[in-house]
Amino acid sequence: MTVKAYGAYASDRPLEPIDITRRAPGAHDVQIDIAYCGVCHSDLHQVRSEWAGTRYPCVPGHEIVGRVSAVGAQVSNFKPGDLVSVGCIVDSCKHCADCSEGLENYCDHMVGTYNFPTADAPGHTLGGYSQRIVVHERYVLRIRHPEAQLAAVAPLLCAGITTYSPLRHWNVGPGHKVGVVGIGGLGHMGIKLAHAMGAHVVAFTTSDSKREAARALGADEVVVSRNPGEMAAHGKSFDFILNTVAAPHDLDAFMVLLKRDGSMTLVGAPATPHPPVEVFNLIMKRRGLAGSMIGGIPETQQMLDFCAEHGIVADIEMIRIAEIDAAYERMLKGDVKYRFVIDCASLAA
Ligand code: NAP
Ligand code: ZN
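For clarity, every value in this text was computed on a predicted model and none was experimentally measured. Per chain, the residues get numbers from 1 upward, laid out in the order the sequence is written. Each chain gets a letter, beginning with A, and each ligand a number, beginning with 1, in the order they are written. Note on the predicted model: pLDDT of at least 70 is required for a residue's local features to be given, and 80 or more for side-chain atom pairs to be given and counted; whole-chain, interface and lining totals, by contrast, use all residues. Working from all heavy atoms in the structure, the side-chain values ignore hydrogens and water.

A. Looking closely at helix H10 (residues 297-310). Here H10 contains 14 residues, and its C-alpha end-to-end distance of 20 Å stays within 8% of the 20 Å for a straight helix at 1.5 Å per residue. Type-normalised accessible area, obtained with a 1.4 Å probe on protein chains alone, sets the label of each residue: buried when under 20%, exposed when over 50%, and partly exposed for intermediate values. Elements are defined by DSSP. Helices are runs of H or I of four residues or more, strands are runs of E of two residues or more, and each kind is numbered from the N terminus. The complete set of buried residues in H10 reads Ile297, Glu299, Thr300, Gln301, Met303, Leu304, Phe306 and Cys307. The contact definition used throughout considers only heavy atoms, calling two residues in contact when any of these lie within 4.5 Å. In this structure, the buried residues of H10 make contact with strand E5 (83-86), strand E6 (89-91), strand E9 (141-142), helix H3 (150-153), helix H4 (159-169) and helix H5 (185-196). Expected span of a helix, by definition, is 1.5 Å for each gap between consecutive residues, and there is one gap fewer than residues.

B. Just the site of ligand 1, in detail. Here a residue is near a molecule or strand as soon as one of its heavy atoms is found within 4 Å of it. Surrounding ligand 1, one finds 28 residues, the nearest of these being His41, Thr205, Thr206, Ser207 and Arg339. Pairs of N or O atoms within 3.5 Å make up the polar contacts considered here, provided that, within protein, one atom can donate a hydrogen while the other can accept it, and that residues adjacent in sequence are counted only when both atoms are side-chain atoms. Within the side chain of serine 42, one N or O atom sits 2.8 Å away from an oxygen atom of ligand 1. Between ligand 1 and serine 207 there is a distance of 2.5 Å, counted from an oxygen atom to a side-chain nitrogen or oxygen. Taken together, the elements giving at least two residues each to the shell around ligand 1 come down to helix H1 (41-47) and H5. At three residues, H1 tops the list of elements feeding residues into the shell around ligand 1.

C. Here's a closer look at the pairing of strand E12 (residues 221-224). When DSSP finds two or more bridges between two strands, those strands count as paired. Bridge count for strand E11 (residues 200-205) against E12 is four bridges, and the pairing is parallel. Its bridge partner being in E12, alanine 203 is matched across the sheet by valine 222. A crossover gets the label right-handed when its path from the first strand over the helix to the second runs clockwise, viewed with the strands pointing away from the viewer. Tracing the backbone out of E11, into helix H6 (residues 211-217) and back to the parallel element E12 gives a crossover that is right-handed.

D. How the structure looks around the sheet that holds strand E13 (residues 238-243). Spatially, six strands are ordered E12-E11-E10-E13-E14-E15 in an open sheet, and the strand pairing comes out parallel. The open sheet has two edge strands with one neighbour each: E12 and strand E15 (288-291). Across the sheet, the mean angle from the axis of one strand to that of its neighbour is 20 degrees, orientation sign disregarded. Bridging between strand E10 (residues 177-181) and E11 involves five bridges; their strand directions are parallel. Within E11, the position partnered with glycine 179 by the bridge is valine 202. Think of each axis as a best-fit line through the C-alpha atoms, taken over the contacting stretch in the case of a helix, with angles from 0 to 180 degrees between the N-to-C directions.

E. Representation of the pattern of salt bridges in the model. Take a side-chain nitrogen of Lys or Arg and a carboxyl oxygen of Asp or Glu: if they are within 4 Å of each other, that pair is a salt bridge. Tallying each qualifying case throughout the model produces 20 salt bridges. Close ionic contact of arginine 23 with aspartate 29 constitutes a salt bridge, the shortest N to O distance being 2.8 Å. Given the relative accessible area of 30%, arginine 23 is considered partly exposed. When the shortest N-O distance is used, the salt bridge between glutamate 104 and arginine 138 registers 2.9 Å. With glutamate 104 in the loop between helix H2 (97-100) and strand E7 (111-112) and arginine 138 in the loop between strand E8 (132-136) and E9, this residue pair connects regions lying 34 residues apart in the sequence. With a relative accessible area of 26%, arginine 138 lands in the partly exposed category. One salt-bridge network, in which partners are shared between bridges, spans Arg23, Asp29 and Asp120.

F. Region of the structure containing the packing of H4 against H5. Contact geometry of H4 with H5 gives a least axis separation of 8 Å together with a crossing angle of 50 degrees. Judged by the angle between their axes, H4 and H5 are oblique. The chirality of how H4 crosses H5 is right-handed. Contacts between H4 and H5 involve Ala159, Gly160, Thr162, Thr163, Tyr164 and Leu167 on the former and, on the latter, Gly185, Leu186, Met189, Gly190, Leu193 and Ala194. Working rule for angles: under 35 degrees goes down as roughly parallel, over 145 as roughly antiparallel, 65 to 115 as roughly perpendicular, anything else as oblique. Handedness of a crossing is defined here by the sense of rotation of the near helix relative to the far one, left-handed for an anticlockwise turn of less than a right angle and right-handed for a clockwise turn.

G. Main features of the state of the cysteines. Cysteine sulfur pairs qualify as disulfides if the two atoms are within 2.5 Å. A full pass over the atoms with the stated rule returns zero disulfides. Just so you know, cysteine 307 is unpaired, no disulfide at all, and the nearest cysteine sulfur is the one on cysteine 158, 13 Å from it. For cysteine 307, a relative accessible area of 0% translates into the label buried.

H. Structural context of the coordination of the zinc ion (ligand 2). Donors, by definition, are the N, O and S atoms found within 2.8 Å of a metal, the threshold being 3.2 Å for Na, K and Ca, and water is not counted, so a site can look incomplete. Cys40 (SG), His62 (NE2) and Cys158 (SG) make up the full set of protein donors to the zinc ion (ligand 2), lying at 2.0 to 2.2 Å. For the zinc ion (ligand 2), all donor residues lie on one chain, and their spacing in sequence is C-x21-H-x95-C. Taken together, the positions of histidine 62 in the loop between H1 and strand E4 (64-71) and cysteine 158 in the loop between H3 and H4 put the pair 96 residues apart, joining distant regions of the chain. The residues histidine 62 and cysteine 158 share a single accessibility class, namely buried.

I. Structural detail: the layout of surface pockets. Any residue with an atom within 4 Å of a point lines the site, the site being either a cavity, points on a 1 Å grid over the protein atoms alone where a 1.4 Å probe fits but cannot get out, or a pocket, an open set with protein on both sides within 12 Å along at least 5 of 7 lines. Grid points are joined across faces, edges and corners, and a volume is the space filled by probe spheres set on the points. Estimates place the volume of the second largest pocket at around 270 Å³. Lining the second largest pocket are 19 residues, with Arg23, Thr118, Asp120, Thr125 and Val134 positioned closest to its centre. Of all the secondary-structure elements, those providing two or more residues to the lining of the second largest pocket are E6 and E8. Counting residues per element, the lining of the second largest pocket draws most heavily on E8, which supplies four residues. Each residue gets one label: Ala, Val, Leu, Ile, Met, Phe, Trp, Tyr, Cys and Pro are nonpolar, Asp, Glu, Lys and Arg are charged, and the others, such as Gly, are polar. Looking at the lining of the second largest pocket, its residues break down into eight nonpolar, six polar and five charged.

Structure below.
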């Protein structure tokens, strides 16, 4: 079937209306009418070809929420009318060690929601800036939040799981001092989640204007990272730092804030090569530096349920699809509190 979408035909062209086709649901497929789609910084990196290998036309979007409109004959967990969501993954090999452990995000054959090879036309996946998507049931998540919060749930599907997964992996909880670097889409979720897990949360920002807002998100303290004095006051004191910065920056400024055996995990994926870290800052206090990519499907459901239980959603600014390019420019300036979400009903206009 043909549905309306928004995408780009080249890295230097704005997004524009584009008709795409979705497959008829197969036996294990769920067809979802998309209500809202969050706008991740990864969408911008990809559509503008800042990372290698963008396939055009590129229809981004991997923070998808909506309602089931049809299911395949073998689907028993979902039925038409259910509120559901899809994140960054729409397929994987389903049998490797990673898939068996529910870590489909690390499967070598993971198929991302956009820009990954697929049998469907046009030969690569097309994301959530569209009216409808068809996805294998394994990669569909249930929403337990009230329907009124649906739009604000969308960013949990990437910003939420990408911060939840490392916070859980590094066992963040009561008694831990945790830093979250960068208060954007990912960072603001990291603050909310680490706070809900019981940690003492310190938000690091380059934007003085976000100081008060960060406290409202659940930060116990806020540090403007451009101020060396404020940074030095936290030397050797953190158990864990989650770094969401989308651009190359000085990692050592944060490494020296970790205490012995502390670690920093990077989730930001800058488009240009990153300056290295000073090895002695690792060795001297047995500090760790790691990375983490989104999260597996079972953990994504766990995260959604945790958020429903704790009343956590994203802070969003709703836009119509025609405003997407302006939204990208504002995101680049850090001018969004904290996630744009597209009202996909505007695609019909
Ligand atoms: P975002 O909303 O643009 O937030 C990034 C934040 O980083 C900004 O709000 C800003 O916060 C800070 N920042 C930006 N440029 C900076 C600079 N030059 N120096 C220091 N701080 C800077 O982006 P997002 O959607 O949260 O995504 C963040 C990054 O994570 C992107 O690179 C994205 O592609 C990546 N990502 C990775 C995964 C994964 O699986 N690992 C998943 C999703 C996204 P302040 O104003 O507070 O300083
Ligand atoms: Zn994302």
